[in-house]
Amino acid sequence: MPQNKLIEDFRKLQILLDSGATFIAFDTETTGLSSTTDRVIEIGAVKFDKDGIKEKFETLINPQKPIPPECTEINHITNEMVKDAPLAEEALKNFSSFIKDGILIAHNVNFDLNFINEELSRAKLPETKNKALDTLTFVRWAYPLLGKYNLQLMARLMNIDVTEAHRAYDDARVCMEVFLKTLEDTKSVQKRA
């Protein structure tokens, strides 16, 4: 499985944003932790640039297998909710079109990209080649003394409103806000265009 190129120079993020680059914060909800045996059941994303939010994307996905109760307990997505949802191939065609050449952002981005690319591979569709940024790594760099960096904790520390934790669209929106707040907090070390 080809890897997306990860952005690792956090001091140039402001230049990217100022240049008019399009970013897509996204999240997946899944039936488990293994991208090879588990399935994506929800994708949420928010497309934005220096001028703000441009579009949003959200879809449930029918995984064609039962959702384990322990997953439903976390994300509150039930088998009933996904029974009439599109299958992965259709949902991922739409998601691939939505992300185009944007820079993908997620909190623990490799987890989400592994699931997306595995589902694309199963559907015999091209895997993503977008550049990607891991906000988990970014906040560890920006706030080295925190010790814990999960998305919900970062939202609480940054006074970001969480409306539906562990639902893909809300987690994507929160991820975008964590990214922007962290960028603001590191402006003294950000290179400017």
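Each remark here, short or long, concerns the structure printed above.
Here's the deal with helix H6 (residues 135–142)
All of the buried residues along H6 are Thr135, Leu136, Phe138 and Val139. Buried residues in H6, looked at end-on, bunch into an arc of 160°, giving them a common side. Here the buried face of H6 lies against helix H1 (13–18), strand S4 (103–106), strand S5 (132–134), helix H7 (151–157) and helix H8 (168–185). With a side-chain oxygen positioned 3.1 Å from the backbone nitrogen of Leu136, the residue opening H6 is Asp134.

Looking at unusual backbone geometry
Notably, Lys124 is not glycine yet its phi reads approximately 60°, a positive angle. Tracing the sequence through the fold places Lys124 in the loop between helix H5 (109–122) and S5. Given a relative accessible area of 75%, Lys124 falls into the exposed group. The backbone of His166 sits at a positive phi, close to 70°, despite the residue not being glycine. Topologically, His166 is positioned in the loop between H7 and H8.

Points about the sheet that holds strand S3 (residues 52–60)
Taken together, the five strands give an open sheet; going across it, the order is S3-S2-S1-S4-S5, and neighbouring strands pair in mixed fashion. Across the chains shown, the open sheet's two edge strands, defined by having one partner strand only, are S3 and S5. For this sheet, the mean inter-axis angle between neighbouring strands, taken without regard to orientation, is 20°. Lying over the sheet, H5 contacts strand S1 (23–30), strand S2 (40–49), S4 and S5, oriented at roughly 75° with respect to S1. Sitting on the sheet, H6 touches S4 and S5, and the angle it makes with S5 is about 50°.

Overview of the pairing of S3
Where S2 meets S3, eight bridges bridge the pair, whose relative direction is antiparallel. Across the sheet, the residue bridging to Gly44 is Glu58, located in S3. From the end of S2 to the start of S3, which pair antiparallel, there are two residues.

Digging into the packing of helix H4 (residues 88–99) against H5
Contact geometry for H4 and H5: axes closest at 10 Å, N-to-C directions at 120°. Our classification of the angle between H4 and H5 gives oblique. Seen along the crossing, H4 lies across H5 with a hand that is left-handed. Facing Ala88, Leu92, Phe95 and Ser96 of H4, the residues of H5 in contact are Ile116, Glu119 and Leu120.

Comments concerning H4
Across its 12 residues, H4 extends 16 Å between first and last C-alpha, which sits within 8% of the 16 Å expected from 1.5 Å per residue. Regarding H4, the residues found buried are Ala88, Ala91, Leu92, Phe95, Phe98 and Ile99. Down the axis, H4 shows its buried residues gathered within 115° of arc, on one side only. In this structure, the buried side of H4 is in contact with S1, S2, S3, S4 and H5. Positioned one or two residues after H4, Lys100 has a phi angle of 35°, which is positive.

The rules behind these values
Residues numbered from 1 in each chain as written. Predicted model: local features only at pLDDT ≥ 70, side-chain atom pairs only at ≥ 80, totals over all residues. Heavy atoms only, no water. Buried < 20%, exposed > 50% of the residue type's maximum accessible area, 1.4 Å probe, protein only. Helix = DSSP H or I, 4+ residues; strand = E, 2+ residues; numbered from the N terminus. Arc of directions from axis to C-beta. Contact = heavy atoms within 4.5 Å. Polar contact = N/O pair within 3.5 Å; in protein donor to acceptor, adjacent residues only side chain to side chain. Pairing = 2+ DSSP bridges. Axes fitted to C-alpha atoms, helices over the stretch in contact; angles between N-to-C directions. Parallel < 35°, antiparallel > 145°, perpendicular 65-115°, else oblique. Left-handed = near helix turned anticlockwise from the far one by under 90°. Expected span 1.5 Å × (residues − 1).

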